[in-house]
Amino acid sequence: MTVFPDRDDYDSPIGTRGGYVQVDLQCPVGHRFALIVANHKGAEFVAVVPSSAG
């Protein structure tokens, strides 16, 4: 799990502005993906995206 700092850029993997939490996961077959949780101005965003971590 990685907590990214709150910045004014739209640099998260899901295009949100500000900080976010990324949890890197891998299934038993080897597929890698990241669970992203972000918050901006009271709105919560949750997404699963492909990941190359590991």
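Residues numbered from 1 in each chain as written. Predicted model: local features only at pLDDT ≥ 70, side-chain atom pairs only at ≥ 80, totals over all residues. Heavy atoms only, no water.

What follows deals with the nonpolar core. If you look at the biggest cluster of nonpolar residues, it comprises five residues: Tyr20, Ala34, Ile36, Ala38 and Val49. Per-element tally for this core: the top contributor is strand 3 (residues 32–40), with three residues. Dropping the residues within four chain positions of it, Ala38 is found in contact with Ile14, Thr16, Gly19, Tyr20, Ala43, Glu44 and Phe45. (Core = buried A, V, L, I, M, F, W, Y, C linked by side-chain atoms within 4.5 Å. Buried < 20%, exposed > 50% of the residue type's maximum accessible area, 1.4 Å probe, protein only. Helix = DSSP H or I, 4+ residues; strand = E, 2+ residues; numbered from the N terminus. Contact = heavy atoms within 4.5 Å.)

This paragraph deals with the sheet that holds strand 1 (residues 2–4). Each strand in a sheet pairs with its neighbour through backbone hydrogen bonds, running either in the same direction (parallel) or in the opposite one (antiparallel). Pairing is antiparallel across the open sheet formed by four strands, whose spatial order is 1-2-3-4. Looking at the sheet topology across the chains shown, the edges are occupied by strand 1 and strand 4 (43–50). Strand after strand, the sheet turns through a mean of 20 degrees between neighbouring axes, direction not considered. By the bridge criterion, three bridges tie strand 1 to strand 2 (residues 20–26) in an arrangement that is antiparallel. From the neighbouring strand, Phe4 faces strand 2, where its bridge partner is Tyr20. (Pairing = 2+ DSSP bridges. Axes fitted to C-alpha atoms, helices over the stretch in contact; angles between N-to-C directions.)

Okay, the pairing of strand 4 next. Bridging between strand 3 and strand 4 involves eight bridges; their strand directions are antiparallel. Looking at the pairing, Val37 lines up with Val46 of strand 4. Here strand 3 hands over to strand 4 after two residues, with Lys41 in that stretch at a positive phi of 50 degrees.

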